[in-house]
Amino acid sequence: GNSVTQMEGPVTLSEEAFLTINCTYTATGYPSLFWYVQYPGEGLQLLLKATKADDKGSNKGFEATYRKETTSFHLEKGSVQVSDSAVYFCALSGTPGGTSYGKLTFGQGTILTVHP
Amino acid sequence: DTEVTQTPKHLVMGMTNKKSLKCEQHMGHRAMYWYKQKAKKPPELMFVYSYEKLSINESVPSRFSPECPNSSLLNLHLHALQPEDSALYLCASSRLPGGGNTEAFFGQGTRLTVV
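The present account deals with the structure reproduced in this document.

Thresholds, definitions, all that
Residues numbered from 1 in each chain as written. Chains lettered and ligands numbered in written order. Predicted model: local features only at pLDDT ≥ 70, side-chain atom pairs only at ≥ 80, totals over all residues. Heavy atoms only, no water. Helix = DSSP H or I, 4+ residues; strand = E, 2+ residues; numbered from the N terminus. Rg over C-alpha atoms; globule rule 2.2 N^0.38 Å. Buried < 20%, exposed > 50% of the residue type's maximum accessible area, 1.4 Å probe, protein only. Contact = heavy atoms within 4.5 Å. Buried area = accessible area lost by both parts, 1.4 Å probe. Salt bridge = Lys/Arg side-chain N within 4 Å of Asp/Glu carboxyl O. Pairing = 2+ DSSP bridges. Axes fitted to C-alpha atoms, helices over the stretch in contact; angles between N-to-C directions. Disulfide = S-S within 2.5 Å.

**Here we look at the overall build of chain A**
Scanning chain A for helices and strands turns up zero helices and twelve strands. When the elements of chain A are put in sequence order from the N terminus, they spell out β-β-β-β-β-β-β-β-β-β-β-β. Taking 116 residues into account, the globule formula puts the C-alpha radius of gyration at 13 Å, and chain A, at 14 Å, falls close to it. For chain A, the C-alpha atoms occupy an extent of roughly 45 × 30 × 20 Å along the three principal directions. The burial tally for chain A puts 43% of its 116 residues in the buried class.

Here it is as structure tokens:
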């Protein structure tokens, strides 16, 4: 079945530091890939997405590139802010017509804390 | 409007109570989902409705009963819950079943505590 593996957290950074959160996946076919963010006490918000190989998703200074050859979708930001402190989830959606169609598969989540 | 609205935000219920969680979206999405999230864990899929019909039930205990009255509404009826059912319950919707090339939009969740 499909699976998503995220780097272990928590991650603690100083403001303006560079952020990388690694995400790799296992899936058949051509899944879509997502990064969701969850701020304390809230639901999940879509941060960015990519639907095919070599697509780059970007939003609010965050970027991730869909790398089929390495089955990866690493999240990066050049300069983090205190307000970026949250839990970040990498996720995939199965190929239409496949047995996993209709399900989001999440990674374990990475807690990011940014200090002033 | 890209909002999924869930009510109530917080709910405390006894193990003999019956309560319902409600979810509403007006984006014209035809797939709606219930997820359960425990603290510091990723969401776990419970149910998927496609075109108002239940398409996926992830072996959820019968004390959880979903209902989709129309394309904009999704309910989760709760009865005889256990303390271990305490969690954040998230509703989501997407344009197509599975959101193959479309993302799922999540509500803010209902924080449920079973006492």
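Following the structure, the description resumes.
**Considering the interface of chain B and chain A**
Interface size is commonly expressed as the accessible area that is lost once the parts come together. Each side of the interface is counted separately: chain B has 25 residues, and chain A has 21 residues. Buried surface at the junction of chain B and chain A, summed over both partners, amounts to about 1,800 Å²; 54% is from carbon and sulfur atoms. In this assembly, chain B and chain A are joined by one salt bridge. Across the pair glutamate 103 of chain B and lysine 49 of chain A runs a salt bridge whose closest N-O atoms are separated by 2.8 Å.

**Quick notes on the sheet that holds strand S3 (residues 19–21) of chain A**
All names here are of chain A. Ordered in space as S3-S9-S8-S7, the four strands form an open sheet in which the pairing is antiparallel. This sheet does not close on itself; its edge strands, each paired only once, are S3 and strand S7 (56–59). Neighbour-to-neighbour, the strand axes of this sheet turn through a mean angle of 15 degrees, independent of strand direction.

**Describing the state of the cysteines**
Taken as a whole and assessed by the stated rule, the structure comprises two disulfides over all chains. Here cysteine 23 of chain A is linked by a disulfide to cysteine 90 of chain A, with a sulfur-sulfur distance of 1.9 Å. In this structure the cystine formed by cysteine 23 of chain A and cysteine 90 of chain A twists about its S-S bond by roughly -70 degrees; its chirality is therefore left-handed. One end of the pair, cysteine 23 of chain A, is in strand S4 (residues 23–26); the other, cysteine 90 of chain A, is in strand S10 (residues 86–93), and 67 residues separate them in sequence. Taken individually, cysteine 23 of chain A and cysteine 90 of chain A each receive the classification buried, so the pair is uniform in this respect. Each sulfur of the disulfide joining cysteine 23 of chain B and cysteine 91 of chain B lies 1.9 Å from the other. Here cysteine 23 of chain B and cysteine 91 of chain B share a disulfide; its torsion about the S-S bond, -70 degrees, makes the bridge left-handed.

**Brief notes about the sheet that holds strand S1 (residues 4–7) of chain B**
All names here are of chain B. The antiparallel open sheet is built from four strands, whose spatial order is S1-S3-S8-S7. In this open sheet, the two strands that pair with only one neighbour each are S1 and strand S7 (64–70). Mean inter-strand twist for the sheet, computed between neighbouring axes without regard to direction, equals 20 degrees. As paired strands, strand S3 (residues 18–25) and strand S8 (residues 73–79) are joined by seven bridges and run antiparallel to one another. From the neighbouring strand, cysteine 23 faces S8, where its bridge partner is leucine 74.

**Brief notes about the pattern of salt bridges**
All names here are of chain A. Taken as a whole and judged by the stated rule, the model has six salt bridges over all chains. Where lysine 56 meets glutamate 63, a salt bridge forms, and the shortest distance between an N and an O atom there is 3.7 Å. For lysine 56, a relative accessible area of 52% corresponds to the exposed category. Residue lysine 77 pairs with aspartate 84 through a salt bridge whose shortest N-O separation is 2.8 Å. Of the two residues examined, lysine 77 and aspartate 84, each falls in the buried class.

**Considerations on the pairing of strand S2 (residues 11–14) of chain A**
Residues and elements named next belong to chain A. A one-sided burial pattern is seen for S2, the buried positions being Val11 and Leu13 and the unburied ones Thr12 and Ser14. Here S2 runs beside strand S12 (residues 110–115); their pairing, made up of four bridges, is parallel. The residue bridging leucine 13 from the neighbouring strand is valine 114, located in S12.

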